[in-house]
Amino acid sequence: MSKKNKHRAEGKERHGPVARDLQQDPQQAFQQAVACYGVRDWKAAESLCRQILGKFPEHVDALHLLGAMLLQSERFDDARLVLDQALALQPRNPAIANKLGIVCTHLKRSEEALAHFCAALEVNPQLVEVYAARGALHESMGQHDAAARDFAKAVELAPEFALGHFLWGNCQAALGQPAQAVACYDRALALASNFADALHARGNAWRDLDRIGDALSSYEQAIQIDPNHFAALSSMADLLVQQSRHDAALEALDRVIRLKPDYQDALVLRGALRYQRSELDEAYRDFARLVELDPANFQAYLNIGHIHFRLGRFPQALGNYGQALRLEPDDAIAHLNRSMVLAATGAVDEAFASNARARALAPEMAEVICNEGNLQMRSRQLEAAARNFRRACEMKPEFVDARSSLLYALNFMAEVSPEEVKHEATLWNQHHAEPLRNARYAHVPSSAPRQRLRLGYVSSDLRHHVVANFMAPILANHDAQQFEVFCYHCHPVQDEVTQSLSRGVEHWVNAATLSAEALARRIHEDGIDVLVDLAGHSEGNRLLSFALKPAPVQITYLGYPGTTGLEAMDCRISDVYADPPEADVRYTEQLLRLPHSLWCYRPAPGMPAVGGLPALDRGHLTFGSFNSFSKVDRRSIELWAQLMIAVPDAQLVVATVPEGQARVVFLDQFASLGVDASRIELLGKLSSTEFWGRLERVDISLDPVSVNGATTTCESLWLGVPVISRVGSRFLERAGLSILTTAGLPDFACASDDACVQLVQRLSSDWPRLAALRAGLRAALQSTPLTDAKTFTRSLEGLYRTAWLRWAST
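What you see is a predicted model; the values in this text were computed from it and never measured. (Residues numbered from 1 in each chain as written. Predicted model: local features only at pLDDT ≥ 70, side-chain atom pairs only at ≥ 80, totals over all residues. Heavy atoms only, no water.)

Chemist: In this structure, what is going on with the layout of surface pockets? I would like to understand it.
Modeler: Space left empty within the atom packing is revealed by a probe, the size of a water molecule, rolled over the atoms. There is about 260 Å³ of room inside the second largest pocket. Along its surface, the second largest pocket is lined by 15 residues, and Arg380, Leu382, Glu383, Glu415 and Asp633 are the ones closest to its centre. Within the residue set of the lining of the second largest pocket, elements represented by two or more residues are α23 (382-395) and α31 (634-646). Sort the elements by how many residues they give to the lining of the second largest pocket and α23 lands first, with 3 residues. When its residues are assigned to classes, the lining of the second largest pocket shows 6 nonpolar, 3 polar and 6 charged. (1 Å grid on protein atoms, 1.4 Å probe; cavity = no way out; pocket = protein on both sides within 12 Å on 5 of 7 lines; lining within 4 Å. Points joined across faces, edges and corners; volume = space filled by probe spheres on them. Helix = DSSP H or I, 4+ residues; strand = E, 2+ residues; numbered from the N terminus. Nonpolar A, V, L, I, M, F, W, Y, C, P; charged D, E, K, R; others polar.)

Here's what the structure looks like:
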């Protein structure tokens, strides 16, 4: 190649094609541009058009072609300038007017766009593409009726126009006419069976018609055609979540996020679903990613707060709720959950204030009303708490936790009869368990004897919790020859107590992620013979799983002080002291009674040795109550005031009292009964070590009257501190009798207030007796059934075996 030709070739490569004889024949150059455009060589086509327009600035065809290319490459401002010139030269060219209308639509110049489309149709009212473009403009402007008319006209002119039918269907859906929308999508799909967008849109319309199966089928067809159809995957995932098909929903969300890792809506949905399934680590990762993507994402902070709260990380929870509220100061959910965390930390006054803010923002939110009831329970406002729980149930009849909270509160109220509590428990069964009757598992007794029974325990409290304290010695002493033990732990927290318990159990199932149905299915598949509920209506219960009757024999034990009301619950384990024979009518379950106390106590590691009687050093008696403050009602205060008056120099220490108004009211009540506040020391929440250290400095513990202690009573006795308990008629008023009698101190369970006063007076005048009792109490306990875990467990197993044999013989 010569140097001259080489330079010409390089110039062509640098500057694009050169139009030959441009001054004499622009049409030849234009045809060359059209040919380049036809093979999608738009760069060459644009270069030729600009060369033509450099010589012939009014060449309409070049302007038109250049405008079309600029439109297709989304250079809308440039396209508008070029097409404006073309339309000025040919004002009645409908193709140019249509393109200019499309450009103006993209530039959000809606009125100009509409004028151009109308001008095009005025010249040629048969242009299908113009009706389609104008319909899209009307739809973007929210003018769905006008859009529907345009799309209807488009498909009238071109019945085979599949896109037109699809767009018409979208208008019908926007107008709230999903049935008509389905008909349009069906016509589009009849013309183009692989039209994935139409399948997705039809799924949405079926969903609006509540035809869930058809909706899911349409989404699945769209995804089969286009496995990466983002919108169809997202819609299917959302619908699967609403249908509680969590496994399938998670699979769909995983696919959505793989396609678009930064899609925040999918991350929120997946995180919320994982949270609901108690997959808290995975949920945290989703919400933390949201914070990375958007540091101002309110939902992310709110949900991270929920996770920390569930895991008992209260400072972190408060920090995240605070951040959420800085972003959305008027969000009722954030105020509600902040209130719940504050209550858990003992800041009850602040918790009330936060909940009051939530209630002002959402006065009809049942969860806020229920939380106010929970706060009132903590502050001993039992009647007000019960009213709020009832109100929450009325507002939201399906709110199962609110009705359980009501039952829990009624058990604490001495003025509420056991018959009324039983009635409310049957209402719980009617509202929440009865609808599940048709889904219950069926069980057929076998005539073959069962040597080794499968025994299952269900609890959310097999962690640092009072229930775990009493279950530990039982789980450690089950007869492996007679029982195959399963534990279904239903709380996401798995602490050192959980780990310790799990090592001694044959089958440990982490069931926190299982729904009521999934848990029941797992229990049934495990072939459990006797299933034991350890929660009743307390927080974290799984009574809905028991309602499905996954085991032939179902028993409630230990974690709740009353009847469950659940028809599917066969028995309740109690003892001969807490529930005498006349108590049978108070329960929907059959009572199975242990011969001694229903509590088996094993001292916690690290408890200190028994010291001397504190009164000998101080010169006066010190009474103490270290039970949960919510148990200390007016009856307790009135009795304790009598004891303080009977021993004028005695002091009283009360623990777990929330700071703020609760303390003021408490001391005022004593003052009104003649006991000066200077004689009373109030403590907040204490760590285990602090608890034992302060309890050691007490001479006599006082059991709350209406709601006796259990763990606190046992710990007090182990530290050598006798407990005075006022015996009543209800289960909660007889727990002290059960423990003290089994511990060999029946005289400390008093049948009247006067008997309590007389006992205190005798002890106050006989410190040597009190000192001797303190010194020998731990050794005495070690020879009683209260601490003999092996004997206790054999008795308990005997009740399990009896209940199963009774069922097997039916």
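Chemist: Quick question: what am I supposed to make of the pairing of strand β5 (residues 553-556) here?
Modeler: Remark: a regular strand shows side chains that alternate across the two faces of the sheet. By the alternation rule, side chains of β5 split into Val553 and Ile555 and Gln554 and Thr556, which are all buried. Where strand β4 (residues 530-533) lies against β5, 4 bridges are found, and the strand directions are parallel. In the sheet register, Leu531 faces β5, and the bridge partner there is Gln554. As paired elements, β5 and strand β6 (residues 571-575) share 2 bridges and run parallel to each other. Its bridge partner being in β6, Thr556 is matched across the sheet by Arg572. (Buried < 20%, exposed > 50% of the residue type's maximum accessible area, 1.4 Å probe, protein only. Pairing = 2+ DSSP bridges.)

Chemist: I keep staring at unusual backbone geometry and nothing clicks. Help me out?
Modeler: Negative phi values dominate among residues other than glycine, just as trans dominates among peptide bonds. Its identity as a non-glycine residue notwithstanding, Arg40 has a phi of 65°, on the positive side. By secondary structure assignment, the location of Arg40 is in the loop between α2 (26-38) and α3 (42-55). On the basis of relative accessible area, Arg40 is assigned to the exposed category, the value being 62%. Phi is positive for Leu558, which is not a glycine, with a value near 80°.

Chemist: Got a minute to help me understand the packing of aromatic side chains in this structure?
Modeler: Two measures describe an aromatic ring pair: the distance that separates the ring centres and the angle between the ring planes. Following the criterion strictly, the structure yields 16 aromatic pairs and no others. Pairing Phe166 with Phe195 gives two aromatic rings, centres 4.9 Å apart and planes at 45°, and the pair type is tilted. Taken together, the residues Phe166 in helix α10 (residues 162-174) and Phe195 in the loop between α11 (178-191) and α12 (196-208) connect sequence positions 29 residues apart. Note on Phe195: relative accessible area 16%, which makes it buried. With centroids separated by 6.3 Å and ring planes inclined at 50°, the aromatic side chains of Trp804 and Trp807 adopt a geometry described as tilted. You can see Trp804 and its partner Trp807 sitting in helix α38 (residues 789-808), 3 residues apart, about one turn around the helix. (Phe/Tyr/Trp six-rings, centres within 6.5 Å; stacked < 30°, edge-to-face > 60°.)

Distances and angles like these do not, on their own, reveal function.
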